[in-house]
Number of protein chains: 2
Amino acid sequence: MVVTAVPSLSRPEPRQLASALEALAARFGNRLVTSQAVREQHGHTTTWLETQPPDAVVMAQETADIQDVVRICAANRVPVIAFGTGTSLEGQVNAPGGGICVDLRDMNKVLAVHPEDLDCVIEPGVTRKALNDYVRDQGVFFPIDPGADASLGGMASTRASGTNAVRYGTMRENVLALKVVRGDGEIITTGTRAKKSSAGYDLTHLFVGAEGTLGIISELTIKLRGIPETIAAAACSFATVEGACRATIMAIQTGIPLARIELLNEAQVKACNAYSKLTLPQTPLLLLEFHGTEAEVAAQSEAFSELAAECGGGGFEWTTRPEDRTRLWQARHDAYWAVKAIRPGAGVVATDVCVPISRLADCVVETEADLDRLGLISPIVGHVGDGNFHCSVMADLNDPAELVRAEEFMHRLVERAQSMGGTCTGEHGIGQGKQKYMLGELGPEALDAMRALKSALDPLNIFNPGKIIPAA
Amino acid sequence: MVVTAVPSLSRPEPRQLASALEALAARFGNRLVTSQAVREQHGHTTTWLETQPPDAVVMAQETADIQDVVRICAANRVPVIAFGTGTSLEGQVNAPGGGICVDLRDMNKVLAVHPEDLDCVIEPGVTRKALNDYVRDQGVFFPIDPGADASLGGMASTRASGTNAVRYGTMRENVLALKVVRGDGEIITTGTRAKKSSAGYDLTHLFVGAEGTLGIISELTIKLRGIPETIAAAACSFATVEGACRATIMAIQTGIPLARIELLNEAQVKACNAYSKLTLPQTPLLLLEFHGTEAEVAAQSEAFSELAAECGGGGFEWTTRPEDRTRLWQARHDAYWAVKAIRPGAGVVATDVCVPISRLADCVVETEADLDRLGLISPIVGHVGDGNFHCSVMADLNDPAELVRAEEFMHRLVERAQSMGGTCTGEHGIGQGKQKYMLGELGPEALDAMRALKSALDPLNIFNPGKIIPAA
């Protein structure tokens, strides 16, 4: 098994591709870009999957641009791949059959904000940080934080989540409605601004997580939240991963509304101590955030510290002062760079799985043992409230033997999670890298259904072909 | 426009129907029921839509029964309609083209409860009350409460919600995974027990709300919650609907985690005073419920009472004692019977719409004015935190002129909600009764997509035909 090999698809007919490029050039002028550098940038995978650049990139500025790209591509049977910020992790923006990449970064307008309804309407290229800057003075914020400053269209397409999904949900819970450009260039409206609806099939959630394979999102209506009066951060070291997980389970069962709860395993804590010059105990660490009134966050912190003590947690510390919050969370903020610093020059591949929370401790502990057995380094950071954790697998990209071990590790990680009732990916998506796990996770009937849905909504197979669904 | 007319579909070929009935009789013996009374019961709509009974009813006991019914029906091109408790409100269980009803009430086993993961695995005929009785001693509960003691399979199929959706979400947010019997009798697994996943198309949410038109749910994995330490009830009268809505909006914006917030309009309060011998002020009333620790619910009640006072709310009263909670909420518990008592013998049709919460006051006030204009009586009860409200339209079923006015009223109600950015149904579903509003709400492209999905997953059109999607 070699995960670095991604399949190539058959390329468009050369005459049809030329015809499409000609039509696109006529329509978009210098907003059609065919330089090697720009094309490679748009097929970049931020992982060790091979880059497969598109044949050209169109810089879209408005919905009509997406519609025309799709129409031209459909007429010529040329693939069309939507691009947000390129921060996806499983090859979602690769172009295994070539085709046209539609870059949506300039479609970055906030179209409407409705603070009373706690929603807003945006173009797909708006990033989460830009949105939060835009809406902050209205007392509201958008809670989903996958780490990268990703575009909201991309986050919807990969069903992204991140550190505060435990309280606010993932993109699945935070998209109210979409507009989606379909294969003939017309626009599907999937819902309204009503907070709930029973009106027909849930098209919104079919497009959320579809990775651009069923159409291109041209507009999103998403939920906002009121900015909490007080934010408290907390940190607590545990003798064992089991203790940290046990405290998390009890906190959730008793209804403490944790806004974030992040687990750093011992390897990650060591890396952070070294990189950020911290003196944390070299044991598993939980970092927490509480949102609410001053009294609420105090009560939540107090309640959690009691549970933590019961579970072997020590040195519980909490604060509401912004500078102290930053200090407490320093290890988490620097986690990625701390990993990079362990072996400068080595490749780092981020992967994730998600299991029922009762199995999280087992899954992390077995994963740590597997790393030892294979002689690999991969610090672990987990969105522990959701049973979701990340490995950052380090490997010398020029050492084939180590690469094989790293791939074996990732393969066993997924099988472990699936055998515990979990999923091969909690938030990174399938793209190209995880197609091989779909059958084992859901079975052939679910894949049949996905293939039927793909054919139904994209009969020409022009939207981001070669993603999500493994070849039959 | 006459909403009482439901379309009939072409019936199965008589020889094929006979062949199916013969095969079902051989397989199911006296669990195949063809008596007129039982058939009519299974096509009953709890509304004024005409009853369209199926040709026979099969009492399923296990998944293999569903599989065999579907296989026999598919082989003979006979419709198959899943039946839970028959409490849906828009003709979802009617059989406009005849066919076989699969009654799932005996598939009522709780298969597994995982209190640490806050989930459980159940058969589709388990009702919400039975589930809560079963899991209570493990300290957990299932929060969705649509009023009726509906089956969980039916609640998933109609995307039900109810009074505490404002805090806990609807069935959309509470179904983790499903097993669904598809047209060839094989079973689609839509997900795992992981709390979140990015693994491919969201099949779970495609079947949630599909009203049995894409397959039959044979097993559900659903979320549970920890039973709150303390439950407080509160009541508060407002001079105006606007004041009550304003208080609700402020409470949600400031993050008070309301568990329930129900609006009764003046007409509903009057009806309840008369029926339940209460002495509530004859003005709009908000009934609330708070869940949390004792300190939390006290703080939440206090915070809400301050907001309410700012918005013209008077007589705020709250309590955590069970008997006093029942007393405070008496008007809500008796709301349906209070309406029935206004005009004994008249038909009462329940309908619902949902709008962005900022428009709720406008929508309710305009709806009240429309009722006055048409000389109709329809008390209003609203899940005001979600912008969702119900009308209970009374009409003499033997008075054609009044029926026409009632239908005109419901038509205008939907148009009003849609013109305010809302939906024709927040929680009752489409069934037969609301198909005519789908085009206006979502446009032809969304209906094209729904038709394509239906054809893709049910190419023989055997699953509950004639529902949700209007004829092209």
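Quantities reported herein were computed from a predicted structural model and do not represent experimental measurements.

> Any chance you could explain the overall build of chain A here in plain terms?
Across its full length, chain A holds 18 helices and 18 strands. Relative to the 2.2 N^0.38 estimate, which gives 23 Å for 472 residues, the radius of gyration of chain A is 23 Å and therefore close to what a compact globule would have. When its C-alpha atoms are laid out on the principal axes, chain A stretches across 70 × 55 × 40 Å.

> Looking at this model, I keep getting lost on the sheet that holds strand β8 (residues 175-181) of chain B. Mind explaining?
The pairing of strands in a sheet happens through backbone hydrogen bonds and is either parallel or antiparallel. Residues and elements named next belong to chain B. Ordered by their spatial adjacency, five strands build an open sheet running β5-β6-β10-β8-β9, and the pairing between neighbours is antiparallel. Looking at which strands have only one partner, the edges of the open sheet turn out to be β5 (110-114) and β9 (187-189). This sheet shows a mean twist of 15° between the axes of neighbouring strands, independent of strand direction. Relative to strand β6 (residues 119-122), β5 runs antiparallel, the two sharing four bridges. Within β6, the residue paired with Ala 112 across the bridge is Val 121. Against the sheet, helix α3 (residues 63-76) contacts β8 and β10 (216-223), and its axis sits at roughly 140° relative to β10.

> Please clarify how the domain arrangement of chain A should be interpreted in this entry.
Accessible area lost on assembly of the parts is the figure often given for the size of an interface. Residue and element names in this part refer to chain A. With domains assigned, chain A is organised as domain 1 (14-105), domain 2 (110-226) and domain 3 (230-428). Taken together, the contacts link 16 residues of domain 1 with 19 residues of domain 2. Looking at the side of domain 1 that touches domain 2, the elements with two or more residues in it are α3 (63-76) and β3 (80-83). The element contributing the most residues to the side of domain 1 that touches domain 2 is α3, with six residues. Each residue belonging to the side of domain 1 that touches domain 2 can be placed in one class, and the counts come to seven nonpolar, seven polar and two charged.

> Help me out: how do you make sense of the relation of the copies chain A and chain B in this one?
Note on the chain copies: they are related by a rotation about an axis and a translation along it. Of the two same-sequence chains, chain A is brought onto chain B (RMSD 0.0 Å, axial shift 0.0 Å) by a rotation of 180°. The two molecules are tied by a two-fold rotation axis, judged by turn and shift. In this assembly the copies share their binding face: 99% of the residues contributing to the interface of chain A also contribute to that of chain B.

Quick notes on the rules
- Residues numbered from 1 in each chain as written.
- Chains lettered and ligands numbered in written order.
- Predicted model: local features only at pLDDT ≥ 70, side-chain atom pairs only at ≥ 80, totals over all residues.
- Helix = DSSP H or I, 4+ residues; strand = E, 2+ residues; numbered from the N terminus.
- Rg over C-alpha atoms; globule rule 2.2 N^0.38 Å.
- Pairing = 2+ DSSP bridges.
- Axes fitted to C-alpha atoms, helices over the stretch in contact; angles between N-to-C directions.
- Contact = placed C-beta atoms within 7 Å.
- Domains from an automatic or database assignment.
- Nonpolar A, V, L, I, M, F, W, Y, C, P; charged D, E, K, R; others polar.
- Least-squares fit on C-alpha atoms with pLDDT ≥ 70 in both.

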